[in-house]
Amino acid sequence: MCGIAGIVGPGATQEAVVQMTTAVAHRGPDGEGFWTEDGVALGHRRLAIIDLDGGDQPMRSSSGRWILVFNGEIYNYKFLREEVYRDYDYSNSSDSEAILAGLETEGTACLERFNGIFAFAAWDRQTESLLLARDSTGVKPLYFGTADDGSLLFGSEVKALIAGGMRPKPDFGGLSVYLDVRFVPGARTVFEGINKLAPGRSLMVSRDGNIVASKSFLDAAPKIDRHVRKRDAVARVRKAMLDAVKRQLVSDVPVGILLSGGVDSAAVAAAARIAEGAVTTYCVGYSGDHWSNEFAEAAETARILGTE
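Read on for an overview of the structure. (Residues numbered from 1 in each chain as written. Predicted model: local features only at pLDDT ≥ 70, side-chain atom pairs only at ≥ 80, totals over all residues. Heavy atoms only, no water.)

## Focus: the sheet that holds strand β2 (residues 31-37)
Now for step 1: Taken together, six strands build an open sheet; the order of strands is β2-β3-β1-β9-β8-β10 and the sheet is antiparallel. The open sheet has two edge strands with one neighbour each: β2 and β10 (194-196). In this sheet, adjacent strand axes meet at a mean angle of 15° when their direction is disregarded.
Now for step 2: By the bridge criterion, six bridges tie strand β1 (residues 3-8) to strand β3 (residues 40-46) in an arrangement that is antiparallel. If you follow Ile4 over to β3, its bridge partner there is His44.
Now for step 3: Packed onto the sheet, helix α1 (residues 14-23) meets β1, β2, β3 and β9 (152-155) and runs at close to 150° relative to β1. (Pairing = 2+ DSSP bridges. Helix = DSSP H or I, 4+ residues; strand = E, 2+ residues; numbered from the N terminus. Axes fitted to C-alpha atoms, helices over the stretch in contact; angles between N-to-C directions. Contact = heavy atoms within 4.5 Å.)

## Things to note about unusual backbone geometry
Now for step 1: That bond from Gln57 to Pro58 is cis: its omega, 0°, falls within 30 degrees of zero.
Now for step 2: You can see Pro58 is positioned in the loop between β3 and β4 (59-60).
Now for step 3: Although it is not a glycine, Glu128 sits at a positive phi angle of roughly 55°.
Now for step 4: By the element assignment, Glu128 lies in the loop between β6 (116-124) and β7 (129-134).
Now for step 5: Judged by relative accessible area, which is 39%, Glu128 ranks as partly exposed.
Now for step 6: Unlike most non-glycine residues, Arg182 shows phi in positive territory, near 70°.
Now for step 7: Along the chain, the position of Arg182 falls in the loop between α5 (172-181) and β10. (Buried < 20%, exposed > 50% of the residue type's maximum accessible area, 1.4 Å probe, protein only.)

## Some thoughts on helix α7 (residues 263-276)
Now for step 1: In this model α7 runs 20 Å from its N-terminal to its C-terminal C-alpha over 14 residues, within 8% of the 20 Å that 1.5 Å per residue would give.
Now for step 2: Looking at the buried positions of α7, the neighbouring elements they touch are α6 (230-247), β13 (256-258), β14 (280-282) and α8 (295-305). (Expected span 1.5 Å × (residues − 1).)

## A word on the nonpolar core
Now for step 1: Grouped together as the largest cluster of nonpolar side chains are 26 residues, with contacts concentrated most on Ile74, Ile99, Phe114, Phe118 and Phe120.
Now for step 2: The leading source of residues in this core is helix α3 (residues 96-106), at five residues.
Now for step 3: Once residues within four sequence positions are removed from consideration, Phe114 is found in contact with Ile74, Asn76, Leu80, Ala98, Ile99 and Phe120. (Core = buried A, V, L, I, M, F, W, Y, C linked by side-chain atoms within 4.5 Å.)

## Notes on the pairing of β2
Now for step 1: Bridging between β2 and β3 involves seven bridges; their strand directions are antiparallel. Bridge assignment links Trp35 to a residue of β3, and that residue is Leu42.
Now for step 2: The turn joining β2 and β3, which pair antiparallel and follow one another in sequence, is formed by two residues; a positive phi near 90° is taken by Gly39.

## Digging into the sheet that holds strand β5 (residues 66-74)
Now for step 1: Read across the open sheet, the six strands follow the order β4-β5-β6-β7-β11-β12; overall the sheet is antiparallel. Each edge of the open sheet is held by one strand with a lone partner, namely β4 and β12 (211-216).
Now for step 2: One ladder, built from two bridges, connects β4 with β5; its direction is antiparallel. Directly across from Met59, in β5, lies its bridge partner Leu68.

This is the structure in structure tokens:
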């Protein structure tokens, strides 16, 4: 988890973006970085997962055209670096630079190639426009809104936009939905003038803060095979499960798996055990004999699976 924030428009200053990233500093304790030029200011708080020494942001593309701030992980970044964008002049080994390689090579068409969870902003110095994009399942958050001076502000959390100078009023319709279902679906939030970027969607913002394009890069849903045999279906699900878990274990720091007494986390831990061999699992609960504790069940699952 990292934190990104920025401003495009007349209010884009170093001071403002520093305030924005400070508001989300808890998302990235391992470093911070800023980049500003006339009409744009980008900020980043880093939680280092891949390429601990070379992945600092904002990150500039090899030609200097694109400036990136990125939160998330691109699971297929090694394939992209080694096969699809192998001619790009890389300067580090991060998954972040795979995004820049894609933008340099084929522009926004690269969004359809990314397998991962992400929210990022990339300033195009050639067209003087900002690209905002969010992963297809909406795992990583990205909020945006327009300030009184016409500037567009974005951030990983609403508090970043407020720290940047936005003073939104409550959206009582959004608040009512939140109190009913405990989240706000769609693009709305509980604040007027602050929206979520929809999953699998990108925005293009001009230097003056105006949204000039909004596109979806979602793939069509796969067709259901209603004639598959049970044995083949089991094999497909098993492979999909193992592949999904394996690709999320890619890291340059230790990875642990939260283990409860349920079948879901046990299945994930089992898949990780198959993929990685040695696996560390942990469980969280309360001291004493609390009714919600699952320590005994988690410990038994860990014993069966042979995890630490």
